[in-house]
Amino acid sequence: ILLATALVRWLTHRLNIIHDNTYRLAASRNLNMPLSGNDEVANIDATFHSMVRELRDARRKEQAMFTLAHDVICSLSREGRFTSVNPACDDMLGVTENDLLGTLIFDLVKMEKAKDLEEYLEHLASGGDSLPFETEMFRSDGQFLDVLFSAIWSSENQSYFCVLHNVSSWKQAQKLKEEVVAMVTHDLRNPLNTISNIIE
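Residues numbered from 1 in each chain as written. Predicted model: local features only at pLDDT ≥ 70, side-chain atom pairs only at ≥ 80, totals over all residues. Heavy atoms only, no water.

To continue, consider the overall build of the chain. Scanning the chain from terminus to terminus reveals 6 helices and 5 strands. When its helices and strands are written in sequence order, the chain yields α-α-β-β-α-α-α-β-β-β-α. Taken against the 2.2 N^0.38 rule, which gives 16 Å for 200 residues, the C-alpha radius of gyration of the chain at 29 Å runs more than 25% over that of a compact globule. Expressed along its principal axes, the backbone C-alpha trace of the chain runs to roughly 115 × 40 × 30 Å. Buried positions account for 28% of the 200 residues belonging to the chain. Within the chain, contacts between residues separated by at least 24 positions form 40% of all contacts whose residues are at least 6 apart in sequence. For the chain, the exposed area adds up to about 13,700 Å²; of that, 57% sits on carbon and sulfur atoms. Charged side chains of the chain number 19 positive and 29 negative; the gap between the two group centres comes to 7 Å. (Helix = DSSP H or I, 4+ residues; strand = E, 2+ residues; numbered from the N terminus. Rg over C-alpha atoms; globule rule 2.2 N^0.38 Å. Buried < 20%, exposed > 50% of the residue type's maximum accessible area, 1.4 Å probe, protein only. Contact = heavy atoms within 4.5 Å. Areas by Shrake-Rupley, 256 points an atom, 1.4 Å probe, with all protein chains shown as cover. Lys, Arg positive; Asp, Glu negative; His and termini not counted. Charge placed at Lys NZ, Arg CZ, Asp CG, Glu CD.)

The following block contains the structure:
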């Protein structure tokens with residue numbers, strides 16, 4: 001009986017360490033030292049420690065991508081307020097992260113486009129497809145940007161997760177291309193008509 005009691009206490013103590021580690025993981029605290037031995041409990045603890053290392057490594061990589069991305073990556077509340085945003089907002093919109101938090105995204109969109117964006121977000125929240133949406137936003141210096149807005153709605157978090165991609169340069173290049181094609185077409189039309197008449 002004494003031996004069984006000692007064994008149960010020993011196992012309970014080791015299981016309590018694993019149980020405590022789950023709370024430490026949730027609180028982002030350091031785990032207890034790995035359990036020694038080759039028994040089943042020690043194997044479970046070793047597997048748990050390995051899983052936590054992989055989770056934290058994935059979290060570091062995710063944070064690095066979030067911080068270093070050139071596109072604005074953000075989350076919005078159900079009402080459209082910024083709840084988190086990466087540092088790219090400073091370069092793209094001329095607004096710091098701290099200044100942007102709590103701001104309504106509709107305040108950064110051209111007035112005539114704000115209603116369209118609101119309808120787009122409502123469409124996502126009601127289960128609609130998450131196709132990209134093009135809109136116009138303005139920087140803190142008053143300059144307007146063409147932005148490709150991609151988002152998904154999370155009913156679990158009651159948040160929109162969004163990526164804002166600046167397509168102003170691409171739009172300018174497309175416009176320039178169209179102007180060049182129109183100019184070349186116009187300049188070639190008269191000589192080609194002349195040649196066609198001569199051939200006829």
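What follows covers the sheet that holds strand β3 (residues 133–138). Taking strand neighbours across the sheet as the criterion, the 5 strands line up as β2-β1-β5-β4-β3 in an open arrangement whose pairing is antiparallel. Looking at strand neighbours, the two that pair on one side only are β2 (82–85) and β3, the edges of this open sheet. Sheet twist, expressed as the mean angle between neighbouring strand axes with direction ignored, is 35°. Bridging between β3 and strand β4 (residues 144–154) involves 6 bridges; their strand directions are antiparallel. (Pairing = 2+ DSSP bridges. Axes fitted to C-alpha atoms, helices over the stretch in contact; angles between N-to-C directions.)

Moving on, we get to the nonpolar core. In terms of nonpolar packing, the biggest core is built from 30 residues, with Leu 76, Leu 117, Leu 121, Phe 149 and Leu 164 touching the most fellow members. Residues within four places of Leu 121 in sequence aside, it is in contact with Leu 76, Phe 106, Phe 149 and Tyr 160. If you look at the next biggest cluster of nonpolar residues, it comprises 5 residues, including Ile 17, Ile 18, Leu 35 and Val 41. (Core = buried A, V, L, I, M, F, W, Y, C linked by side-chain atoms within 4.5 Å.)

Moving on: the pattern of salt bridges. Where charged atoms of side chains with opposite charge meet at close range, the side chains can pair. What the rule picks out here adds up to 5 salt bridges. For Arg 139, the salt bridge goes to Asp 141, with nearest N and O atoms at 3.3 Å. Looking at Arg 139, the relative accessible area reads 18%, which means it is buried. (Salt bridge = Lys/Arg side-chain N within 4 Å of Asp/Glu carboxyl O.)

With that settled, the discussion passes to helix α5 (residues 111–125). Between its first and last C-alpha, α5 extends 22 Å over 15 residues, near the 21 Å set by a 1.5 Å rise per residue. All of the buried residues in α5 are Ala 114, Leu 117, Tyr 120, Leu 121 and Leu 124. On an axial view of α5, the arc spanned by its buried residues comes to 125°, and they lie on one face. Of the exposed residues in α5, those oriented more than 90 degrees away from the buried face are Glu 112 and Lys 115. Looking at the buried positions of α5, the neighbouring elements they touch are β1 (72–77), β3, β4 and β5 (159–166). (Expected span 1.5 Å × (residues − 1). Arc of directions from axis to C-beta.)

Limitation: the analysis is restricted to geometry and does not speak to function.
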